[in-house]
Amino acid sequence: MNRLDQLATLLRFPSISAQKEHARDVSDCADWLVDKLSGMGFEAVAHKTHRHPVVVGRSPREEGRPTVLIYGHYDVQPVDPVELWESDPFEPEVRDGKIYARGATDNKGQLFAHILGVEELQRQNGGHLPVNVIFLLEGEEEVGSGSLSLFLKEHRDELACDVIVVSDTGMAAPDTPTFSYGLRGLAGAEIIVKGPSADLHSGVFGGAVANPVTALAEIIASFHDSEGRVAVRGFYDGVESIATWERSMWATVPGMSNEELAKLTGVDTVVTEAGFTGAECIYARPTLELNGIGGGYQGEGSKTIIPSRAFAKISCRLVPGQDPERIESLLEEHVKTHTPRGVSVEFKREHSGRAYVCDPNSEFGLAAQQALEEAFGRKPVLVREGGSIPIIEEMKNVLGADALMLGMCLPDARIHSPNENFSVELFTKGIEMSQILLRRLGQIKR
Ligand code: BES
Ligand code: MN
């Protein structure tokens, strides 16, 4: 089967980790990856966990070569709103040079480029590789990597490596190779505001009973000041400042000027924290976002009630220097002290993770920069990723290795959204880039 057909097969598994009814599809997808890696002579296993399998595939060990752990995730986000897809999310279709499917970019297309890169290297070198390769492919990245987090600690010796390679981050533009040396962390929570024990008639009781939706709005309005800063006390304590070289580098990243960001996202103007550009805010400033809000009547026409409850889901993106647990405590404290009289609040913590940053100019980092330049014919831009892959920081902690993040997620890849796609040309480039990178890493003496 040709490369694109193989990718299409991988994309056909509806491996949605968040939805219980897809658990079987997730494990079928893991089994397919195991078969693929076994076919390459790898020792591959889908390890059972309490949720979705962790796939580990190891190349036959050769002494004296560095060990490279290639991380990826084969689980995907849910597809809804499904009616906005132009083709079936799990029946991949190529249109205008892009393959459309859920997971095309995030992360099956990118991880598969590495698998095919490794396979191609083997073919060229009589079955040998310039490095020892461990593929570590999880099925829970989109739901917080709970199983992999435990797995890492239980299998740390088996996963020992010199460096980690990940393609699951952004790429500034198709012709701009992008090396990410950092990720933001995450701290999430749900706030539930409780008022009367049932919805009330707003005429019969209105005026005498606090309204949970109004109370929630008040709480939400207290989260930011008029300068776009987060108004939670202590939120910025310890936040590391942006280096001068980073500010100059980021000002040159294609597509990341305030004007381009506004255009890309379909807004009139970007709105940032005072004193920072959009790029700086995305790469290196912490945020507090409302992800969803609900409560009361949402149907057709009017319904005169005082709702009994209201809720909001929030998430903070964190930067180096911030501790997710401390941030969650500060948030909870803030919500408690800003809750108006007459209602009560429940504060539920959601998954969290620390920010990650490494030295882009380490020996491995420089090899990655050179590999990107060789593959794409241009010097890479050095950025920090605004998104999060919390397990990377845990891998650094447990395995002691840094992650080289060579992302191929284009701004218009529509990840987590309808019509997710991956450029076929980029897929091909990714296969080449993986080979160049592993060759270069193989030259580093341990
Ligand atoms: N691949 C993404 C991270 C990412 C985001 C890369 C944007 C490039 C651009 C990853 O799969 C992801 O979506 N992570 C989640 C965190 C997770 C704990 C749900 C995120 O950033 O929201
Ligand atoms: Mn994702």
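So, a few notes on the structure that sits alongside this text. (Residues numbered from 1 in each chain as written. Chains lettered and ligands numbered in written order. Predicted model: local features only at pLDDT ≥ 70, side-chain atom pairs only at ≥ 80, totals over all residues. Heavy atoms only, no water.)

## Focus: the coordination of the manganese ion (ligand 2)
At the metal site, the manganese ion (ligand 2) is ligated by D106 (OD), E142 (OE), E142 (OE) and H416 (NE2), and these contacts range over 2.1 to 2.6 Å. Note that the manganese ion (ligand 2) binds 6 donor atoms; their angles at the metal cover 54 to 154°, and the shape is irregular. Read from N- to C-terminus, the donor residues coordinating the manganese ion (ligand 2) fall into the pattern D-x35-E-x273-H. Of this pair, D106 sits in helix 3 (residues 104-124) while H416 sits in the loop between strand 17 (403-406) and strand 18 (421-423), placing them 310 residues apart in sequence. (Donors = N, O, S within 2.8 Å, 3.2 Å for Na, K, Ca; no water. Tetrahedral: all angles 85-135°; square planar, octahedral: opposite > 155°, others 65-115°. Helix = DSSP H or I, 4+ residues; strand = E, 2+ residues; numbered from the N terminus.)

## Quick notes on the packing of aromatic side chains
Enumeration according to the criterion identifies 7 aromatic pairs in this entry. Seen in terms of ring centroids, F13 and W32 are 6.4 Å apart; in terms of plane orientation they differ by 50°. Their pairing is tilted. Placement of the pair is F13 in the loop between helix 1 (3-11) and helix 2 (23-39) and W32 in helix 2, with a sequence separation of 19 residues. The residues F13 and W32 share a single accessibility class, namely buried. Here the aromatic residues F13, W32 and F112 are joined through ring pairs into a cluster of three or more. Sitting over the face of the ring of Y100, R95 holds its NZ or CZ atom 3.9 Å from the ring centroid. (Phe/Tyr/Trp six-rings, centres within 6.5 Å; stacked < 30°, edge-to-face > 60°. Buried < 20%, exposed > 50% of the residue type's maximum accessible area, 1.4 Å probe, protein only. Lys NZ or Arg CZ within 6 Å of the ring centre and 35° of its normal.)

## Things to note about the site of ligand 1
Residues in contact with ligand 1 amount to 15 residues; listed here are only the nearest, E141, D168, R317, S388 and H416. At 3.0 Å, a side-chain N or O of D106 approaches an oxygen atom of ligand 1. Taking H416, its side chain carries an N or O atom lying 2.9 Å from an oxygen atom of ligand 1. Here ligand 1 has 510 Å² of accessible area as a free molecule, and 86% of this is covered by the chains. Of the residues that constitute the shell around ligand 1, the class distribution is 3 nonpolar, 6 polar and 6 charged. (Near = heavy atom within 4 Å. Polar contact = N/O pair within 3.5 Å; in protein donor to acceptor, adjacent residues only side chain to side chain. Areas by Shrake-Rupley, 256 points an atom, 1.4 Å probe, with all protein chains shown as cover. Nonpolar A, V, L, I, M, F, W, Y, C, P; charged D, E, K, R; others polar.)

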